[in-house]
Amino acid sequence: MASSSFQCLILLSSLAFFFFATPSLARTSFKPKALVLPVTKDPSTLQYLTAINQRTPLVPVKLTVDLGGQSLWVDCEGGYVSSTYKPAHCGSSQCKLAESKSCTTECFSSPKPGCNNNTCNIFPDNPLATTLTGSGELGQDVVALRSTDGSKPGPVVSTPNVLFSCGDTSLLANLSAGVKGMAGLGRPKVGLPSQLAYAFSLDRKFAICLPSTSKSKGVIFFGRSPYVFLPGIDVSKSLTYTKLILNPVSTAGVSFEGDASSEYFIGVNSIKVNEKMVPFNTSLLAIDGEGFGGTRISTLKPYTVLETSIYKAVVNAFVKSLAHIPRVKSVAPFGACYDSKKIGSTRVGPGVPAIDLVLSNGVYWRVFGANSMVQVSKDVLCLGFVDGGVRPRTSIVIGGHQIEDNLLQFDLANKRLGFSSSLLFRQTTCANFNFTS
Ligand SMILES: *[C@@H]1O[C@H](CO)[C@@H](O)[C@H](O)[C@H]1NC(C)=O
Ligand SMILES: *[C@@H]1O[C@H](CO)[C@@H](O)[C@H](O)[C@H]1NC(C)=O
Ligand SMILES: *[C@@H]1O[C@H](CO)[C@@H](O)[C@H](O)[C@H]1NC(C)=O
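Residues numbered from 1 in each chain as written. Chains lettered and ligands numbered in written order. Predicted model: local features only at pLDDT ≥ 70, side-chain atom pairs only at ≥ 80, totals over all residues. Heavy atoms only, no water.

Draft legend 1. Region of the structure containing the overall build of the protein. Within the protein, the secondary structure is distributed over six helices and 32 strands. For 437 residues, the compact-globule formula gives about 22 Å, and the C-alpha radius of gyration of the protein, at 24 Å, lands near that figure. Taken over the C-alpha atoms alone, the protein extends approximately 90 × 65 × 40 Å along its principal axes. Looking at the protein as a whole, 52% of its 437 residues are labelled buried. Long-range contacts, defined here as pairs at least 24 residues apart, represent 68% of the contacts in the protein between residues at least 6 apart. (Helix = DSSP H or I, 4+ residues; strand = E, 2+ residues; numbered from the N terminus. Rg over C-alpha atoms; globule rule 2.2 N^0.38 Å. Buried < 20%, exposed > 50% of the residue type's maximum accessible area, 1.4 Å probe, protein only. Contact = heavy atoms within 4.5 Å.)

Draft legend 2. Representation of the pattern of salt bridges within the structure. Counted according to the given criterion, the structure contains 13 salt bridges. Residues D234 and K237 are paired through a salt bridge, measuring 3.6 Å at the closest nitrogen-oxygen approach. Judged by its relative accessible area of 17%, D234 is buried. Exposure remark for K237: the relative accessible area of 70% places this residue in the exposed category. With its nearest N and O atoms 3.3 Å apart, the salt bridge here joins R296 to E263. Pair noted here: R296 is in strand β19 (residues 295-297) and E263 is in the loop between β15 (240-245) and β16 (265-266), with a separation of 33 residues, a long-range link. Taken individually, R296 and E263 each receive the classification buried, so the pair is uniform in this respect. Within this structure, D339, K341, K342, K378 and D379 form a network of salt bridges that share partners. (Salt bridge = Lys/Arg side-chain N within 4 Å of Asp/Glu carboxyl O.)

Draft legend 3. Examining the site of ligand 2 more closely. Around ligand 2 lies a shell formed by L128, A129, T130, T131, L132, A173 and N174. Here an oxygen atom of ligand 2 and a backbone polar atom of T130 are 3.5 Å apart. In this structure, an oxygen atom belonging to ligand 2 sits 2.6 Å away from a side-chain N or O atom of T131. Protein burial of ligand 2: of its 360 Å² of free accessible surface, 46% is covered by the chains. (Near = heavy atom within 4 Å. Polar contact = N/O pair within 3.5 Å; in protein donor to acceptor, adjacent residues only side chain to side chain. Areas by Shrake-Rupley, 256 points an atom, 1.4 Å probe, with all protein chains shown as cover.)

Draft legend 4. How the structure looks around helix α3 (residues 192-200). Along α3, seven of the nine residues are buried, which leaves the element largely enclosed by surrounding structure. Here α3 has its buried residues at L192, P193, S194, Q195, L196, A197 and F200. Positive backbone phi, approximately 50°, marks S201, located one or two places after α3.

Draft legend 5. How the structure looks around the environment of N121. Its location among the elements puts N121 in strand β7 (residues 119-121). For the pair formed by N121 and S100, sequence separation is 21 residues and the distance between their alpha carbons is 6.0 Å.

Draft legend 6. Quick peek at the domain arrangement of the protein. In terms of domains, the protein is made up of domain 1 (15-224) and domain 2 (234-432). Centre-to-centre, using C-alpha coordinates, domain 1 lies 28 Å away from domain 2. Taken residue by residue, the interface counts 37 residues in domain 1 and 33 residues in domain 2. In total, domain 1 and domain 2 occlude about 2900 Å² of area from one another, counting both sides; carbon and sulfur atoms represent 63% of this. Contact with domain 2 buries surface across domain 1, with L67, R187 and R204 losing the most and accounting together for 23% of the total. Summed over the shared surface of domain 1 and domain 2, the number is two salt bridges. Of the charged contacts in the structure, one is a salt bridge between E404 and K41, with a shortest N-O distance of 2.6 Å. Where domain 1 meets domain 2, there are 17 residue pairs in polar contact (both at pLDDT 80 or more). Elements that contribute at least two residues to the side of domain 1 that touches domain 2 include exactly β3 (59-66), α3, β11 (205-209) and β12 (218-223). Per-element tally for the side of domain 1 that touches domain 2: the top contributor is β11, with five residues. (Domains from an automatic or database assignment. Buried area = accessible area lost by both parts, 1.4 Å probe.)

Draft legend 7. A look at the sheet that holds strand β27 (residues 373-377). Read across the open sheet, the four strands follow the order β21-β22-β28-β27; overall the sheet is antiparallel. In this open sheet, the two strands that pair with only one neighbour each are β21 (327-328) and β27. Sheet analysis places β21 next to strand β22 (residues 337-339), joined by two bridges and oriented antiparallel. Within the sheet, the bridge partner assigned to R327 lies in β22 and is Y338. (Pairing = 2+ DSSP bridges.)

Below, the structure written as structure tokens:
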């Protein structure tokens, strides 16, 4: 009897320990190593969308993903309600971190998010609405995301002070229905990857894996690998690396003299089709003194855009190496289209000549049929590159179709890009991150 009540006491006290200890453990000692966001593809705009939880109380905010965007920006005119919003006052450390170069001394309205006196601004850049510019108050608010161990989502974690540009509703022009801003994943310290790394003490790297259909969900990882896709494939173990290059001249719609570009550039030295060098003037691939030229990666261009002379040379080379397949009438905006019944299929998409982006040190990024060809109708497949005109700002802009079902890791600390090439080779896809467990 004595002994059994003793046992009962032990049980009760350990239960009490369990109840008291667990909630505080969860709050204070859970340190995520990585975070995840889902990415979907809008079938009508071909934009890649994500959602973050922001404000108090938290609301999901749908955003267009802008890989090279300077910062997060959000429409603050259309019903931004939050008890934790804080404007950044001119001269504060927040304004310095965001490298703000302008200050609103007086906003002529009643105070609200986006309109406060003595606050600094960063411009919400919407590269899809080039005719618009607007300013945005630099603000801070709570953001909550799912953590991950790299193979499935873990507990939600939140941080109180994520800086963003609080702009006007008009800046949402040309964005997908329901979208309330853009998730800028660019290089600056105020970019989402650097801010999340700082807030959660994560490794300064992130990875994107875009879905190839609008029916599936891709993934963005912030922080360290692994990046595990069903059936248990850690893609981080087989990445090829190349240097990330800084373009010293801004490529944004609004910028100040001396601003560097927030976009991610890589050093493509030449292009091969079917292992043969494509002849064109490769000085277009360097970044000149005015910031023109070079190669960047964009989630806002649905297809890779090539400067006119490069475009013509690549299409010619491709057509020559597929000369045995009859062409059909071109479908805009593409130049070379084929009867898809005449093209075989492989594990990595339509069986067409591989296109290689040749990088430094013998490294190349091979683009297979799944990423080079676009199914424009039931029977027509087109080479999915478009003509960017003469003297565009950037000579090659690698677009969404070419990076779907590829994992790209932007390692900011080591200034390098890790790329997987087609995940179809590894019998997985970007839609295979296990969001549901
Ligand atoms: C800004 O300051 C002016 C002058 O003190 C004041 O009238 C106005 O209401 C203030 N505006 C905001 C948005 O706080
Ligand atoms: C929206 O996109 C179209 C097509 O690119 C462009 O012509 C138009 O100017 C854009 N709208 C704005 C407001 O910039
Ligand atoms: C190649 O392009 C550069 C820059 O556009 C130009 O200065 C140069 O003359 C071109 N070279 C040839 C061989 O066309």
